[in-house]
Amino acid sequence: MNTVKLGQRNTRQREILQQIFAQAPGPLGVKRLLDLAQAEIGKIGIATVYRTVRLLEESKEIRPVTLPDGEIQWESSDRGHHHHFVCRACTTVTDFAGCPVHVHTDSLPQGFCVESHELTLVGLCSKCSAPASSKAPARKGKR
Ligand SMILES: [Zn+2]
Ligand SMILES: [Zn+2]
């Protein structure tokens with residue numbers, strides 16, 4: 001099969017996405033990936049981003065993260081056990097280190113065995129929780 005050129009192009013896109021994932025402060029969705037990839041190499045389409053994400057997921061370099069609203073984003077597989085913080089205002093997802101979940105085995109029904117858990121914190125990021133530079137503008141349409 002003569003797929004050398006295609007393979008090389010894929011490699012470049014793959015490298016860019018690998019780099020983006022390595023530097024990301026948290027999981028990334030397809031739209032954000034597209035923005036970041038376009039900033040790196042200009043011409044790249046959403047279909048290519050999807051395809052490259054699928055390749056990276058198949059090779060277990062990235063893993064999917066399901067957010068509370070059901071959206072799926074991806075993150076590097078080499079990040080250890082951690083959880084996520086979702087900003088409800090700007091929807092940015094950020095990793096936070098460490099794990100606050102401690103389950104005492106005696107609080108479980110007898111014979112139960114925990115294998116994994118999920119936890120997502122929801123709140124406001126530093127940008128969105130900062131007070132507005134001035135007082136909020138007067139409400140529009142005041143009666
Ligand atoms: Zn925010
Ligand atoms: Zn945990």
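Computed from a predicted model, the values in this text were never measured in an experiment.

J.: Describe the overall build of the protein, with residues and values.
T.: Across its full length, the protein carries 4 helices and 5 strands. Ordering the α and β elements of the protein from the N terminus gives α-α-α-β-β-β-β-β-α. The buried share of the protein, reckoned over its 143 residues, is 12%. Nonlocal contacts in the protein, meaning residues at least 24 apart in sequence, comprise 49% of its contacts between residues at least 6 apart.

J.: Provide a residue-level description of the nonpolar core, including the pertinent values.
T.: Core analysis: the largest hydrophobic core is formed by 11 residues, namely Ile16, Leu17, Phe21, Ala24, Leu28, Leu33, Ala37, Val49, Val53, Ile62 and Trp74. Listed by contribution, the elements that provide at least two residues to this core are α1 (4-23), α2 (30-41) and α3 (46-58). Looking at which element gives the most residues to this core, the answer is α1, with 3 residues.

J.: Tell me about the packing of α2 against α3, and please be specific about residues and values.
T.: The N-to-C vectors of α2 and α3 enclose an angle of 110°; their axes lie 10 Å apart at closest approach. With respect to α3, the axis of α2 lies roughly perpendicular. Residue-level contacts link Val30, Leu33, Leu34 and Ala37 of α2 to Ile46, Val49, Tyr50 and Val53 of α3. Of the residues in the contact of α2 with α3, the class split is 8 nonpolar, no polar and no charged.

J.: Mind laying out unusual backbone geometry, listing which residues take part and the relevant values?
T.: In this structure, Lys60 takes a positive phi of about 65° despite not being glycine. Topologically, Lys60 is positioned in the loop between α3 and β1 (62-66). Residues other than glycine seldom take positive phi values, yet Thr91 does so here, at roughly 65°. Looking at the element boundaries, Thr91 is found in the loop between β3 (83-87) and β4 (93-96). Since 14 C-beta atoms lie within 10 Å of it, Thr91 is described here as partly exposed.

J.: Talk me through the sheet that holds strand β5 (residues 120-123); I want residue IDs and the actual numbers.
T.: What the 3 strands build is an open sheet, ordered β4-β3-β5; its pairing is mixed. Every interior strand has two partners, whereas the edge strands, β4 and β5, have only one. Ignoring strand direction, the axes of neighbouring strands in this sheet form an average angle of 25°. Of the pairings in the sheet, the one linking β3 to β4 comprises 4 bridges and is antiparallel in character. What sits directly across from Val86, in β4, is Val93.

J.: Go over α2 with me, naming the residues and quoting the values.
T.: Each α-helix winds once per 3.6 residues, and so residues spaced three or four apart point in a common direction. The terminal C-alpha atoms of α2, which comprises 12 residues, lie 16 Å apart, in line with the 16 Å expected from a rise of 1.5 Å per residue. Within two residues after α2, Gly42 carries a phi angle of roughly 75°, on the positive side.

J.: Describe the environment of Arg51, with residues and values.
T.: Mapping Arg51 onto the fold places it in helix α3. Judged by the 14 C-beta atoms lying within 10 Å of it, Arg51 is partly exposed. For the pair Arg51 and Asn10, spaced 41 residues apart in sequence, the C-alpha to C-alpha distance is 9.4 Å.

J.: Mind laying out α3, listing which residues take part and the relevant values?
T.: With 13 residues, α3 ought to run about 18 Å at 1.5 Å a step, and its terminal C-alpha atoms sit 18 Å apart, in line with that. Residues of α3 that are buried: Val49, Thr52 and Val53. One side of α3 holds all its buried residues, which, seen down the axis, span an arc of 105°. In this structure, α3 carries Ala47, Arg54 and Glu58 as exposed residues pointing more than 90 degrees from its buried face. Lys60 lies just past α3 and shows a positive phi near 65°.

Parameters at a glance
Residues numbered from 1 in each chain as written. Chains lettered and ligands numbered in written order. Predicted model: local features only at pLDDT ≥ 70, side-chain atom pairs only at ≥ 80, totals over all residues. Helix = DSSP H or I, 4+ residues; strand = E, 2+ residues; numbered from the N terminus. Buried ≥ 20, exposed ≤ 12 C-beta atoms within 10 Å, placed from the backbone. Contact = placed C-beta atoms within 7 Å. Core = buried A, V, L, I, M, F, W, Y, C linked by C-beta atoms within 7 Å. Axes fitted to C-alpha atoms, helices over the stretch in contact; angles between N-to-C directions. Parallel < 35°, antiparallel > 145°, perpendicular 65-115°, else oblique. Nonpolar A, V, L, I, M, F, W, Y, C, P; charged D, E, K, R; others polar. Pairing = 2+ DSSP bridges. Expected span 1.5 Å × (residues − 1). Arc of directions from axis to C-beta.

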